[in-house]
Amino acid sequence: MMNALNRIAPLPAQKLLLVISLFFWCGVMHLYWPNNGGSGLSLPLNITSWIYAVVLAASASVLVPRQRWRITVPATVFTMGALILTLLCLLTPGVWQYEARLVAGALLGGVLVYLVTLQIPLAANTLTVLLTLLWGACVIECLAFLYQYWHLPGVDYWEFAWQRGTRPYGIFQQVNLMASFTASGVLLSAALFLRLRDGYRIVIGVALVMMGFVLHESQSQTGYVSVGVGEVLLLLVFPAQRRMLLRLLLPLALGVMAGTFARHFLSVATVDHLTTSQVRWTVLKTSLALFAERPWTGWGVGSFAAVFLERAGPLGLSSISHPHNELVLWLVEGGLVGLAGALCFITGGFWLWMHGNRWRRACLVAALPVVIHMLTEYPVRQSTPHWLLLILLLRCADSPLKGARLALTSMALIRALALIAFLTFTPLLLLSLHTQQQLTLAERQSAQWRLAESLPVGGWLLATRYRFDVQMGYLQRYQRTRDARWLDAVRRWAPDYVRVHPDPNVSFTQILLALQQHDLREAHRLATRFYLTYPNDRRIPWLLDARRPYNQKME
């Protein structure tokens with residue numbers, strides 16, 4: 001085993017990259033941890049992904065020889081973009097500052113991983129193995145999708161209420177994330193098919209059948225568009241292999257046909273994308289109107305959900321937390337400055353395309369589904385595996401041999417940052433994972449009253465969720481003791497919370513608390529705001545009932 005690894009990756013840093021990546025992409029990533037949904041660090045998958053990133057960056061920075069440290073034009077541009085967006089995060093108004101700091105951490109963490117892995121030379125064999133590991137992660141997730149789709153014994157491992165009419169989503173818990181990850185697998189399959197021979201090609205062909213099935217049954221427009229655009233680009237990148245690439249569409253089409261038959265016989269519902277497209281158009285128009293109001297520095301990083309609700313609540317679009325487009329999100333939250341930072345990343349990608357050979361361009365094509373996902377669905381930072389997949393594929397498309405050598409002070413700074421990140425964030429992330437599991441258990445048992453009121457170290461990265469659960473614990477304590485001071489605490493906390501995380505349930509609870517404490521004027525104000533902001537909420541008739549005391553008093 002070690003002899004084979006020495007032939008593939010003769011340098012210590014190369015071995016480390018492959019071993020740690022194998023452990024994560026083909027192992028830890030696919031382990032399910034109990035959770036109650038959500039996004040960001042509320043999901044254990046994102047926490048374990050950041051642990052992988054921190055360990056990889058810190059370990060590699062130590063093993064890479066000092067004299068080899070270089071920085072390329074794309075790395076410089078990516079770093080500039082991250083610093084611009086981080087500056088916006090630091091200038092964000094206080095109410096959204098916590099969310100902005102998490103965004104800044106994701107940006108800087110991703111760029112640091114890029115800079116460190118850029119120092120690891122990727123020979124042909126090492127590049128092939130790394131791409132194969134990423135491809136293997138896609139294959140494993142497709143196998144999980146099939147297992148969930150057919151509802152095989154043991155499917156309750158994922159804890160979700162799988163039914164015949166639902167669309168599975170592997171470990172990601174969001175079907176479009178599954179589709180874009182699979183689309184990257186399809187495009188990686190094509191690149192690896194051209195790099196490998198004999199039995200490997202048979203395995204890739206079988207995997208393409210499975211991926212075609214998954215893409216079809218995901219019913220995701222993002223997945224369809226990603227594969228379509230990516231295949232066209234591959235045909236342009238490899239003109240001499242066009243016939244072979246076109247033949248690879250046959251197993252993919254076979255998988256799509258199998259999905260069509262399975263959906264028919266299992267009576268799986270077909271998703272209507274027309275309605276969602278209309279909603280997206282309304283969201284886009286409203287977002288551009290928000291940008292026009294504050295065109296230079298935007299409303300503040302993390303503010304979109306709140307400011308959008310103020311504008312679009314009467315339209316019945318009260319549950320939108322992002323505009324389904326990363327560029328539009330930065331336009332609203334960061335204005336033209338945010339757009340400039342985002343364009344730095346796009347510029348770096350174009351530079352890689354213009355200066356890369358065909359294999360490096362193939363890596364960029366494989367990263368395309370993540371980029372399209374950013375422009376049509378979630379912000380990429382909400383799914384750390386997608387963020388890291390994008391970073392590693394961009395690294396594979398870059399060439400450190402063409403870069404300028406870093407000064408000793410810059411090298412020392414990056415090494416120091418990587419070491420500090422390892423010593424600080426690895427234990428912090430492990431504690432966060434432990435705290436996340438505790439919160440999940442408390443939420444499921446309705447036992448938030450047992451949580452400590454002070455924020456533990458493991459709750460620093462989960463502060464919003466932890467404090468939310470503490471407040472729910474206060475309500476539980478009031479039900480047990482009838483002590484009004486617990487209600488006072490919740491009433492003090494709720495206004496700031498809904499300014500950052502608009503939640504109709506919390507807003508409705510505010511009304512009930514005001515009624516409970518006989519503050520009819522405040523109850524009337526909150527009720528009026530509620531049915532203006534959430535006009536489609538099923539509790540509106542209750543609020544408008546003339547028998548409500550605040551309605552009687554105000555007449």
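Description of the structure in this document.

What counts and how
- Residues numbered from 1 in each chain as written.
- Predicted model: local features only at pLDDT ≥ 70, side-chain atom pairs only at ≥ 80, totals over all residues.
- Heavy atoms only, no water.
- Helix = DSSP H or I, 4+ residues; strand = E, 2+ residues; numbered from the N terminus.
- Rg over C-alpha atoms; globule rule 2.2 N^0.38 Å.
- Buried < 20%, exposed > 50% of the residue type's maximum accessible area, 1.4 Å probe, protein only.
- Contact = heavy atoms within 4.5 Å.
- Areas by Shrake-Rupley, 256 points an atom, 1.4 Å probe, with all protein chains shown as cover.
- Lys, Arg positive; Asp, Glu negative; His and termini not counted.
- Charge placed at Lys NZ, Arg CZ, Asp CG, Glu CD.
- Salt bridge = Lys/Arg side-chain N within 4 Å of Asp/Glu carboxyl O.
- Axes fitted to C-alpha atoms, helices over the stretch in contact; angles between N-to-C directions.
- Parallel < 35°, antiparallel > 145°, perpendicular 65-115°, else oblique.
- Left-handed = near helix turned anticlockwise from the far one by under 90°.
- Nonpolar A, V, L, I, M, F, W, Y, C, P; charged D, E, K, R; others polar.
- Phe/Tyr/Trp six-rings, centres within 6.5 Å; stacked < 30°, edge-to-face > 60°.
- Patch = residues over 30% accessible without salt bridge, like charges linked within 9 Å, V, L, I, M, F, W, Y side chains within 5 Å.
- 1 Å grid on protein atoms, 1.4 Å probe; cavity = no way out; pocket = protein on both sides within 12 Å on 5 of 7 lines; lining within 4 Å.
- Points joined across faces, edges and corners; volume = space filled by probe spheres on them.
- Expected span 1.5 Å × (residues − 1).

What follows deals with the overall build of the chain. What the chain contains, in helices and strands, is 23 helices and two strands. In terms of C-alpha radius of gyration, the chain reaches 25 Å, essentially the compact-globule figure of 24 Å for 555 residues. Referenced to the eigenvectors of the C-alpha coordinate spread, the extents of the chain come out at roughly 80 × 65 × 45 Å. The buried share of the chain, taken over its 555 residues, is 53%. Excluding contacts between residues fewer than 6 apart, the proportion of contacts in the chain whose partners are at least 24 apart in sequence is 76%. As displayed, the chain offers around 25,100 Å² of accessible surface, 65% of which is attributable to carbon and sulfur atoms. Placing the 46 positive and 26 negative side-chain charges of the chain at their respective mean positions leaves the two points 11 Å apart.

Here the focus is the pattern of salt bridges. If you walk through the whole model with that rule in mind, you get 13 salt bridges. With its nearest N and O atoms 2.6 Å apart, the salt bridge here joins Arg280 to Glu377. Placement of the pair is Arg280 in helix α12 (residues 273-293) and Glu377 in the loop between α15 (358-376) and α16 (384-397), with a sequence separation of 97 residues. Judged by relative accessible area, which is 6%, Glu377 ranks as buried. For Asp483, the salt bridge identified is with Arg485, shortest N-O distance 2.8 Å. On the basis of relative accessibility, which here comes to 28%, the residue Asp483 falls in the partly exposed class.

The interhelical angle for the contact between helix α7 (residues 175-195) and helix α9 (residues 221-237), taken along N-to-C directions, is 20 degrees, at an axis separation of 8 Å. Our classification of the angle between α7 and α9 gives roughly parallel. At the point where α7 passes α9, the crossing takes the right-handed sense. In this structure, α7 contributes Asn176, Ala179, Ser180, Ala183, Val186, Leu187 and Ala190 to the contact, and α9 contributes Thr222, Gly223, Ser226, Val227, Gly230, Glu231 and Leu234. By residue class, the composition of the contact of α7 with α9 is seven nonpolar, six polar and one charged.

What follows is about the environment of Leu430. Relative to the helices and strands, Leu430 is located in helix α17 (residues 408-444). When its relative accessible area of 47% is taken as the criterion, Leu430 is described as partly exposed. As a C-alpha pair, Leu430 and Arg311 span 119 residues in sequence and 39 Å in three-dimensional space.

The next point concerns the side chain of Arg395. With respect to the helices and strands, Arg395 occurs in helix α16. At 6.1 Å, Asp398 is the nearest oppositely charged side chain to Arg395, a buried residue that forms no salt bridge. Those residues in contact with Arg395 that sit more than four places away from it in its chain are Tyr114, Thr117, Leu118, Ile120, Pro121, Leu122 and Pro400.

Scanning all chains against the criterion turns up 22 aromatic pairs. Taken together, a centroid distance of 5.2 Å and an interplanar angle of 85 degrees make the contact between Tyr149 and Phe213 edge-to-face. Separated by 64 residues along the polypeptide, Tyr149 in helix α6 (residues 124-149) and Phe213 in helix α8 (residues 199-218) bring together distant segments of the chain. Between Phe172 and Phe181 the ring centres are 5.0 Å apart and the planes differ by 55 degrees, which places this aromatic pair in the tilted class.

Taken together, Leu254, Met257, Phe261 and Phe265 make up a surface patch of nonpolar side chains, about 480 Å² in accessible area. Looking at the element boundaries, Phe265 is found in helix α11 (residues 249-266).

A volume near 840 Å³ is recorded for the second largest pocket. The wall of the second largest pocket is formed by 31 residues, among which Phe345, Ile346, Gly349, Val371 and Leu390 lie closest to the centre. It is helix α14 (residues 326-355) that contributes the most residues to the lining of the second largest pocket, nine residues altogether. Of the residues assigned to the lining of the second largest pocket, the class counts are 27 nonpolar, two polar and two charged.

Between its first and last C-alpha atoms α6 spans 37 Å; for 26 residues at 1.5 Å apiece the expected length is 38 Å, and the two agree. Positioned one or two residues after α6, His151 has a phi angle of 55 degrees, which is positive.

In short, shape yes, function no, at least from these values alone.
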